[in-house]
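# Residue-level structural notes
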Amino acid sequence: MPPQIETDEHKALRAAVAALGAKYGRDYITRTVAEGRHPTELWQEAGKLGYLGVNLPEEHGGGGGGIAELSIVLEELGAAGSPLLMLVVSPAICGTVIARFGTGEQKRTWLPGLSDGSRLMAFGITEPDAGSNSHRITTTARRDPASGDWLLTGRKVFISGVDMADAVLIVGRTEDARTGRLKPCLFIVPTDVEGFHKRPIDMELNAAEKQFELTLDDVRLPAAALVGDEDAGLLQLFAGLNPERIMTAAFAIGMGRYALSRAIEYARDRTVWKAPIGAHQAIAHPLAQAHIDLELARLMMQKAAHLYDAGDDIGAGEAANMAKYAAGEACVRAVDQAVHTLGGNGLTREFGLASLITAARVARIAPVSREMILNYVSHQTLGLPKSY
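Remember, it's a predicted structure, so these values are computed and weren't measured experimentally.

## Quick look at the side chain of histidine 38
Mapped onto the elements, histidine 38 comes out in the loop between helix H1 (8-34) and helix H2 (40-48). Residue histidine 38 is classed as buried on the basis of its relative accessible area, which comes to 10%. Apart from residues no more than four positions distant in its own chain, histidine 38 is found in contact with Trp43, Met86, Met164, Ala208 and Glu209.

This is how it looks when you write it as structure tokens:
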């Protein structure tokens, strides 16, 4: 079956998650943000219903599905105004990496809790001086020859949800004994381990998930903290980054759908000069275009999820980048048009759209900028030479 045609199971999942999202809604998320806390009630109920771990293996408490199913969960929660951003991080990145490459003990320790929401894991890759160039990561791990432990040192920035997390999946580098060059590796770092320090970053973006700078000062980890093969770092890293891009697309599409639905409702009801404003093409056509853009982005997201779940990591990489790009652009345009449709009301707290102007930018910036995606497509898809 072509990936753009959803199965009955996927349609049923959409309907069920949409009902859960509607039960909480935008007001619930706004309230939790104002109170400075995570939307715990929604997170726990989503876990209890099996939605958080729908992509994780059944033998470890998950639903046995894939990123296709998890992206539906995030999109529908977002479309109801109650997205859970940590879905991108905990089950999609960390859960996927551990499920694919973790040891039996790591799977038994982490996957059941990630599946039911009782445990949460953050993901740490971005650094102050590395940015989009992951090859410049300077967080390094070295072996203690006496004990065999790892000693991890470095800094990370813009790490989401560390205050809620039991551990952070940290991307570091180890020295290749043969060449002396550094190679990427992933470590499970408990947030309460000695030498692990977090500092909140003061953001103007109002979100339930706070951002942190991490300092790792000779954090001592057992040998078992290393995820997977020490020599397969890049493969393991991109096993997490492709789902991250797909899930970011789902986040953006859900947000865009929510904003668009509020604008459509307003355009139907708001009457000026004896007709609803939605009857005027100057209002209707931009909303129709925003809807088309979101639907096109969803098709690419579904293709990317289909390829990833089928094991085509290379094909999924291209599609996931395109999906994230398309969804980010579509989301920004949809939110902007929704606010514009409401006019002054679009900037009031009553209608709750103004805060989405800032939030929509996230999908353009993170986890990779649109410019870096254009670089990827230029080089990998079109075969054009690099400028860097």
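## Considerations on the nonpolar core
Counting residues in each nonpolar core, the largest one holds 114 residues, and the members touching the most others are Leu87 and Phe123. Excluding anything up to four places from it in sequence, leucine 87 contacts Trp43, Leu52, Leu70, Val73, Leu74, Leu77, Ala92 and Met247.

## Focus: the pattern of salt bridges
Overall, the coordinates contain 23 salt bridges when judged by the stated rule. Lysine 23 is the salt-bridge partner of glutamate 45, the closest N and O atoms lying 2.9 Å from each other. Of this pair, glutamate 45 sits in helix H2 while lysine 23 sits in helix H1; the two residues are 22 residues apart in sequence, bridging distant segments of the chain. If you follow the salt bridges from partner to partner, you end up with Glu6, Arg14, Glu75, Glu76, Arg257, Glu295 and Arg298 in one network.

## Let's talk about unusual backbone geometry
The omega torsion across alanine 366 and proline 367 is -5°, close enough to zero to call that bond cis. As for its placement among the helices and strands, proline 367 is situated in the loop between helix H9 (354-365) and helix H10 (370-381). Residue aspartate 218 is not a glycine yet carries a positive backbone phi of 50°. Here aspartate 218 lies in strand E7 (residues 211-221). Here aspartate 218 falls in the partly exposed class, since its relative accessible area comes to 35%. Even without glycine at this site, lysine 274 takes up a positive phi of about 70°.

## Observations regarding the environment of isoleucine 170
Relative to the elements of secondary structure, isoleucine 170 occurs in strand E4 (residues 167-175). Leaving out residues up to four positions away in the same chain, isoleucine 170 has contacts with Gly124, Thr139, Leu152, Lys156, Cys185, Leu186, Phe187, Val189, Leu214 and Leu216.

## Re the packing of aromatic side chains
Two descriptors summarise a pair of aromatic rings, namely the distance from one centre to the other and the angle between the planes of the rings. For the structure shown, the criterion picks out three aromatic pairs. Judged by centre distance (5.7 Å) and plane angle (85°), the rings of tyrosine 266 and phenylalanine 351 are edge-to-face. In this pair, tyrosine 266 sits in helix H6 (residues 233-269) while phenylalanine 351 sits in the loop between helix H8 (313-342) and H9, placing the two residues 85 residues apart along the sequence. Among the residues examined, phenylalanine 351 registers a relative accessible area of 17% and is labelled buried. Above the ring of tryptophan 110, the side-chain terminus of arginine 119 is found at 3.9 Å from the ring centroid.

Calculation rules
Residues numbered from 1 in each chain as written. Predicted model: local features only at pLDDT ≥ 70, side-chain atom pairs only at ≥ 80, totals over all residues. Heavy atoms only, no water. Helix = DSSP H or I, 4+ residues; strand = E, 2+ residues; numbered from the N terminus. Buried < 20%, exposed > 50% of the residue type's maximum accessible area, 1.4 Å probe, protein only. Contact = heavy atoms within 4.5 Å. Core = buried A, V, L, I, M, F, W, Y, C linked by side-chain atoms within 4.5 Å. Salt bridge = Lys/Arg side-chain N within 4 Å of Asp/Glu carboxyl O. Phe/Tyr/Trp six-rings, centres within 6.5 Å; stacked < 30°, edge-to-face > 60°. Lys NZ or Arg CZ within 6 Å of the ring centre and 35° of its normal.

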